[in-house]
Every structure is written in structure tokens, then in C-alpha cells.
Amino acid sequence: MTSEGTNADAGTARAAVVRRLREGMARSVLSFPLTSFRDDGSLDPDGYRAYVAQRLAAAPGALFPACGTGEFFSLDEDEYRQVVTIAVEESGGRVPVVAGTGYGWAQALRFARVAEEAGADALLVMPHYLTAAPQEGLVAQVERIAAGTRLPLVAYQRGQVSYTAESVRRLARVPGVIGLKDGHGDLDRLQRMVLAVPEDFLFFNGAATAEVQARAYAAVGVPAYSSAVHAFAPEIANAFLAALHAGDLGTVDKLLRDFYVPLVELRDRVPGYAVSLVKAAARLRGCPVGPVRAPLTDPSAADLGALKTLLATGLDLVGASL
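Note on numbering: residues in each chain are counted from 1, in written sequence order. Local features in this predicted model are restricted to residues of pLDDT 70 or higher, and side-chain atom pairs are both shown and tallied only at a pLDDT of 80 or more, whereas totals for entire chains, interfaces and linings draw on every residue. The side-chain numbers reported here are obtained from all heavy atoms of the structure, hydrogens and water having been left aside.

*Asks:* Would you mind going over the overall build of the protein with me for this structure?
*Replies:* To qualify as a helix, a DSSP run of H or I must reach at least 4 residues; to qualify as a strand, a run of E must reach at least 2; elements of each kind are numbered from the N terminus. Of the regular secondary structure elements, the protein holds 12 helices and 7 strands. Relative to the 2.2 N^0.38 estimate, which gives 20 Å for 322 residues, the radius of gyration of the protein is 19 Å and therefore close to what a compact globule would have. Contact between two residues is taken to exist if any of their heavy atoms lie within 4.5 Å; hydrogens are not considered. Taking the contacts inside the protein whose residues are at least 6 apart along the sequence as the reference set, 73% of them involve residues at least 24 apart. Per-residue accessibility takes into account occlusion by the displayed protein chains alone, with areas from the Shrake-Rupley method and a 1.4 Å probe. For the protein, the accessible surface area stands at approximately 13,300 Å², while carbon and sulfur atoms represent 54% of it. Distance between charge centroids for the protein: 2 Å, based on 31 positive and 35 negative side chains. Put simply, the radius of gyration uses C-alpha atoms, and a globule should come to 2.2 Å times the residue count raised to 0.38. Think of it this way: Lys and Arg go in the positive column, Asp and Glu in the negative one, and His and the chain ends go nowhere. A charge is said to be at NZ when it belongs to Lys, at CZ for Arg, at CG for Asp and at CD for Glu.

Here it is in C-alpha cells:
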């Protein structure tokens, strides 16, 4: 096959992924499943398979295994392969599977190759490790990853990675880069980014508890979001989205006031609770996810008690129970 034919095929495949992601993002929240570990810290593939099946039964718009909520940075390559493979097998093509990758570009490509072999549809490029970098380097990092994988990429800005509108314009011109997940919440900058790129470039809200800022993001043209709450209480996550789509601001405000904002306040007590509190809530629901791995720590007994009370309140608001 000629290079022109190969490029055309790659473009067609990317367009199909973009279409499926756009449809999923319009329909439902994006799910970032937790990774199941046993009490000794080893990977629990059977528990993870059961947990992923539970997430899929709650009808997310897409599945993002082995990302931040899935403790990507604590997985070795073999564990990563198992996690992504199980997510692909369980999804069975029903929703797009976007696997996490990260570290420096050379290591990111090692994980990208594993994700390709496992059948993932795309990759989420998480912030690189530790080092601050200029815009030129941030763009070059994604360019190197895009050049080394056939999978389309969604860039993720959070922590030390913060793009300018011009950098996002450059990324949107890179073959294979299809979107941006934003974890900063700088809506002025995000608005400039949305206006700087073609309409088919994907954006979604990736704040730690995205529902709290969902209306603000939608106002600048980014209505889609990932939901950490979907990882343990899809009833609440889906009820919030339904109310938001219906313009039922009374229900939106009640869920924010009585559940989401108190959850954020509890989450902010301890570094790492954005993952370990979510995992603890999933265990309270009987999900087979196990503990977090170091350097994260599981919640204290007092915080776990507060979480259980808050979770019961949130579920009651939507007519569900522990």
C-alpha cells in the first residue's frame, strides 16, 4: 500500500474514533475506572473485570482505563497490559476505550505499543514526570508520541502541563492528536483554546470533581466531562447529568449543595484523596477494587465515616441506597 493510502486509512480510523467519542461525550459522562488491587497490593484481574463490567452497565460515554483514577503511575507494563486488555474485552466495542500513557515520550511509547496490542481505541497523554518545561517542549512531547503510535491521542493538561492557546492550535495540526482534557479550570484560557482550533477537535472537563464546574465549562463550549463519582455512584452521576441536560437547575443545585460540594471539601483534606476517597467510596458500595497503592493512602477512619454519611445522603437524593 502507498504511503498516501496508509495515511488515508489512518485518517479514516481517527475520524471514526473522534465520531464515537463525540457521540459518547454528548450522551453520557466519561468513566475512569479504578484499578483493583488485592490487600497485599498485587493486581486483582478478576476483581477488575467485575468492576469494569459494573461501570459499563451504568452506560458511560467512553472508558478510560489505566489513567489517573486508575493509578497508572503505579502499574508496571504487564499490569498495564492486563488492565487495558480487560477493559477492551469487557467493552466489546460498545464504547471507545482510551488508555492512559505518560512519563517521558520514550516510556509513553512503550505503554502506547502495549495499548495498541491490547486493542485500545485511543490514548490519553497524561502530564510528564516532574520536570517543568516550556511550551515548545510540551508540544514536542506530544508530537513525539503521536509520531510513534497509530492510536489517536488526547492531550491532558494538569499540574505542570499548561498549554497556551497557540500551543493547542499547534497540537490540533499534529496528525493523530484529536483532543484535550483540561484539569486546570482556567476558563479564560480554555475559551481561547476552543476558539483557536477546528470544530472537530475534542475538549472535555477533567477537573477532579468535574460536576462542580460543569455549567461554567459548558458556557465556554466544553459541556463534556469525566466523572469520578461514576466510579462509585453512577446513579448520582447519571442523575446529575440528566438534570443538567434537562435544564433542571433546582436538582442540579441540590445535588451540588448537598453532595458534590461537601465531597470536594472532604477530598481536599488530604493529598491523594482524589483517588483514595473515590476508591474507598467504591468499596463502601461493595465494588471489588481493594486499597490504593503507595504513595497514596486510604482514608482515615474518621474520614471514611464522613464519606459513608455523605454517600448515603447523595444516594438518597436520587432515590438509591448503599
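*Asks:* Is there a simple way to think about the packing of helix α10 (residues 249-267) against helix α12 (residues 301-317) in this case?
*Replies:* When two helices pack together, you describe them by how their axes are tilted relative to each other and by the distance separating the axes. Note on method: axes are straight lines fitted to C-alpha atoms, helices fitted across the in-contact stretch only, with angles between N-to-C directions ranging 0 to 180 degrees. Put simply, α10 and α12 touch, their axes get as near as 10 Å, and they point 160° apart. Between α10 and α12, the angle is such that the two are roughly antiparallel. In the crossing of α10 with α12, the sense of the turn from one axis to the other is left-handed. Facing α10, whose interface residues are Lys-254, Leu-255, Asp-258, Phe-259, Pro-262, Leu-263 and Leu-266, α12 presents Asp-303, Ala-306, Leu-307, Leu-310, Leu-311, Thr-313, Gly-314 and Leu-317. Here the residues of the contact of α10 with α12 sort into 10 nonpolar, 2 polar and 3 charged. In this scheme, roughly parallel covers angles under 35 degrees and roughly antiparallel covers those over 145, while 65 to 115 is roughly perpendicular and the rest are oblique. The handedness criterion is simple: a crossing whose near helix is rotated anticlockwise from the far helix by less than a right angle is left-handed, and one whose near helix is rotated clockwise is right-handed. Under the scheme applied, nonpolar residues are Ala, Val, Leu, Ile, Met, Phe, Trp, Tyr, Cys and Pro; charged residues are Asp, Glu, Lys and Arg; polar residues are all the others, including Gly.

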